[in-house]
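# What the coordinates show
Next come the chains, spelled out residue by residue.
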Amino acid sequence: MSDTLSYLLMAWSDPQLLMLTALGTFAGIYIGAIPGLSVTMAVSILVSFTFAWDVNDALALIVGIFIGGVYGGSRSAILLNIPGAPSSVATAFDGYPLAQQGEAGRAIGLSTVMSVVGGIVGTIMLASAAPLIGDLALRFAPRDYFLVAAIGLLLVGSLAEGSLAKGIFAAALGAVIGLVGMDPVTAQGRFTLGQVELMGGIHYVVLMIGLFGVAEAFYQLHNLDSPVIRQKVDKILPSFAMVLKFLPLSIRTSIIGVIVGVLPGVGGDIAALMAYDHAKRTVKNPTRPFGKGAYEGLIAPETANSAAVGGAYVPMLTLGMPGDAVTAVIIGALVVHGLNPGPMLMVENPHIFYFTVGNLLLANVFLMIFGLMGIKLFAKFVEMPKSVLIPLILVLCVVGTYSINSSMTEVYWMLGFGVLGYLLKIFGFQMGPIILGAILGPLMDTSYRQAMSSAGDNPVELLQGLVTSPLSLILSAAVVLILLGNTPLLKKLKSKLSPASARG
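A brief structural summary. Worth saying up front: this structure is predicted, and the values here are computed from it rather than measured. (Residues numbered from 1 in each chain as written. Predicted model: local features only at pLDDT ≥ 70, side-chain atom pairs only at ≥ 80, totals over all residues. Heavy atoms only, no water.)

### Focus: the overall build of the protein
For the protein, the helix and strand inventory stands at 23 helices and two strands. Counting the 504 residues in the protein, one finds 55% classified as buried. Accessible area of the protein: about 21200 Å², with a carbon and sulfur share of 69%. (Helix = DSSP H or I, 4+ residues; strand = E, 2+ residues; numbered from the N terminus. Buried < 20%, exposed > 50% of the residue type's maximum accessible area, 1.4 Å probe, protein only. Areas by Shrake-Rupley, 256 points an atom, 1.4 Å probe, with all protein chains shown as cover.)

Here it is, written out as structure tokens:
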């Protein structure tokens, strides 16, 4: 017990580790805030510089960048409607409307506090239930991943305001874009139009920057003469009563974030969207309508994507399987330092597990400190005249896109998606379902084909697996219930029954 406690407190008691965690968190926040500069990219570059370091020093810096980077994407999502990372897409749905109403300061302050809540919940669940949650992840068969992806795609009912048909079309368009490139099974080109440049596929971050950043810049050209919105930055830190009010929702969405984060290859972006959908379905009286600046719509994705960090560490530390792209890089760093992530890590090097838990908690403390700094300066971006802000947004989009793979081709794609997004916005389409489709389309495709292969290419056997496995049965039931919940017929039936039940 004393050894465990000393490992937990190691990151807190060593000045060098404290400094590295603080530096990583600070850098992560500002890296994450720049569209195109992903946390995965930052950690990948960083790992190459830490091969000669002590393993604790390397892990402290990496954890800080991971925690800070996941949160940092919310800054640009709230202020400019350009998510800094895919996990911040849902944050923009209500965060940007809050900025348009002059509440950018409060929105950033609330997202900071709730991100810390999510991060702490995720870390506590990592420390207390890692073996149990890791065992749950092992029970997921390919058909279960297919069902999780299907549940994710059915979120278009919540993300598409007004028209379910438009949401379905947008999600299908995103799925087609996500499938462009080399088929992972046959190595044949799909939707490439014979162009070699498309064999590598279209990076969904390129799509995201185009649809959210460039499209928003073009759309703002309609309102060049609109008055500048002055931001209220006098009350940044939310009151204790406000935090308590939203705490039940943040804990629920944190649990969603951990569970989704545990599943290899799924990650915080899907966790955030599922949490947003959960909030939209369960909160009866939101502070404002969802999509119009509801605090609940900001809190749900921010707690979920931060909690997903703790979830992603579970399969990495207990099973040797990466929970997301960042933990895949961290596994490489551990192997280089002579460690073996997996079931034997807890036996051979238990200090790594408990040190990571303590380090995650410390990084969240620094996130609270640095996340509440510089908000007044950041808010000035929104107060810029549109004649200055729009060119600045376009420059950030070009720089962010080019930095992904140093490719001008991707910059052209980004601009093309910007024009497409602008046209879709004019006709009332939402951008969220397109990003959702682009992320989940390849996951659905791969997991379905793996499921069919494991069933001997027999559809009947695959269907039997959906009802004979308890986990698959629960997920199948969830798909059916969500599908029925999005059916207009069921909504009409509910509206007819509610007055009758009230009279009865």
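### Comments concerning the nonpolar core
Counting residues in each nonpolar core, the largest one holds 143 residues, and the members touching the most others are V43, L126, Y313 and I330. Counting residues per element, this core draws most heavily on helix α4 (residues 55-80), at 14 residues. Every residue in contact with V43, bar those within four places of it in the chain, is listed here: I62, I65, V326, V329 and I330. (Core = buried A, V, L, I, M, F, W, Y, C linked by side-chain atoms within 4.5 Å. Contact = heavy atoms within 4.5 Å.)

### Looking at the packing of helix α20 (residues 432-454) against helix α21 (residues 459-468)
At a minimum axis separation of 8 Å, α20 and α21 run at an interaxial angle of 105 degrees. Viewed along their axes, α20 and α21 adopt a mutual orientation that is roughly perpendicular. Counted together, Y448, A451, M452 and S454 of α20 and P459, E461 and L462 of α21 form the full contact between these two elements. (Axes fitted to C-alpha atoms, helices over the stretch in contact; angles between N-to-C directions. Parallel < 35°, antiparallel > 145°, perpendicular 65-115°, else oblique.)

### Remarks on the environment of F417
By secondary structure assignment, the location of F417 is in helix α19 (residues 408-426). According to the relative accessible area criterion, F417 is buried, its value standing at 5%. Along the chain, F417 and F212 lie 205 residues apart, while their C-alpha atoms are 9.3 Å from each other. Excluding residues within four positions of it along the chain, F417 makes contact with I177, I202, V206, L207, G210 and L211.

### A closer look at the side chain of S476
Relative to the elements of secondary structure, S476 occurs in helix α22 (residues 470-485). By relative accessible area, which is 16% here, S476 ends up buried. Among the polar contacts listed, one links the side chain of S476 to the backbone oxygen of S472, at a separation of 2.7 Å. Excluding residues that lie within four positions of it along the chain, S476 makes contacts with L147 and L466. (Polar contact = N/O pair within 3.5 Å; in protein donor to acceptor, adjacent residues only side chain to side chain.)

### Points about α21
Buried within α21 we find L462, G465 and L466. Across the axial projection of α21, the buried residues extend over an arc of 100 degrees, all falling on one side. The outward face of α21, more than 90 degrees from its buried face, is lined by the exposed residues V460, L463, V467 and T468. Taking the backbone nitrogen of V460 as reference, a side-chain oxygen 3.0 Å away marks N458 as the first, capping residue of α21. (Arc of directions from axis to C-beta.)

### Description of the pattern of salt bridges
With the rule as written, the count across this model stands at seven salt bridges. When the shortest N-O distance is used, the salt bridge between D183 and R449 registers 3.0 Å. Here the residue D183 occupies a position in the loop between β1 (181-182) and β2 (189-190), and R449 occupies one in helix α20, the gap between them amounting to 266 residues. Judged by its relative accessible area of 7%, D183 is buried. (Salt bridge = Lys/Arg side-chain N within 4 Å of Asp/Glu carboxyl O.)

### Considerations on the packing of helix α11 (residues 240-262) against helix α13 (residues 295-319)
α13 packs onto α11 with a crossing angle of 40 degrees between their chain directions and a minimal axis gap of 6 Å. When the interaxial angle is binned, α11 and α13 end up oblique. The handedness of the crossing between α11 and α13 comes out as right-handed. Here M242, F246, L249, S250, T253, S254, G257, V258, G261 and V262 of α11 lie close against α13, whose contacting residues are Y295, E296, I299, A300, T303, A304, A307, A308, G311, A312, V314 and P315. (Left-handed = near helix turned anticlockwise from the far one by under 90°.)

### Focus: the packing of aromatic side chains
A complete count under the given rule lists twelve aromatic pairs for this structure. A ring pair is formed by F93 and Y276, whose centres lie 5.2 Å apart and whose planes are at 70 degrees; its orientation type is edge-to-face. With F93 in helix α5 (residues 89-100) and Y276 in helix α12 (residues 268-282), this pair connects stretches of sequence that are 183 residues apart. Taking relative accessible area as the criterion, F93 reaches 15% and is therefore assigned buried. On the basis of relative accessibility, which here comes to 1%, the residue Y276 falls in the buried class. (Phe/Tyr/Trp six-rings, centres within 6.5 Å; stacked < 30°, edge-to-face > 60°.)

### A short note on helix α10 (residues 204-220)
With 17 residues, α10 should cover 24 Å at 1.5 Å per step; its first-to-last C-alpha distance of 23 Å lies within 8% of that length. Along its length, α10 shows its largest kink, about 30 degrees, at G210. Within α10, 14 of the 17 residues are buried, leaving the element largely enclosed by the surrounding structure. (Expected span 1.5 Å × (residues − 1). Bend = angle between axes of the 7 residues up to and from the residue.)

### Describing the environment of A187
With respect to the helices and strands, the residue A187 is situated in the loop between β1 and β2. Residues A187 and M199, twelve residues apart in the sequence, show an inter-C-alpha distance of 9.3 Å. Once residues lying within four places of it in the same chain are set aside, the contact partners of A187 are M182 and M199.

### Some details on unusual backbone geometry
Within the chain, N81 stands out as a residue other than glycine whose phi angle is a positive 65 degrees. Turning to its location among the elements, N81 is positioned in the loop between α4 and α5. A relative accessible area of 9% means that N81 is categorised as buried. At D457, a position not held by glycine, the phi torsion is positive, near 55 degrees.

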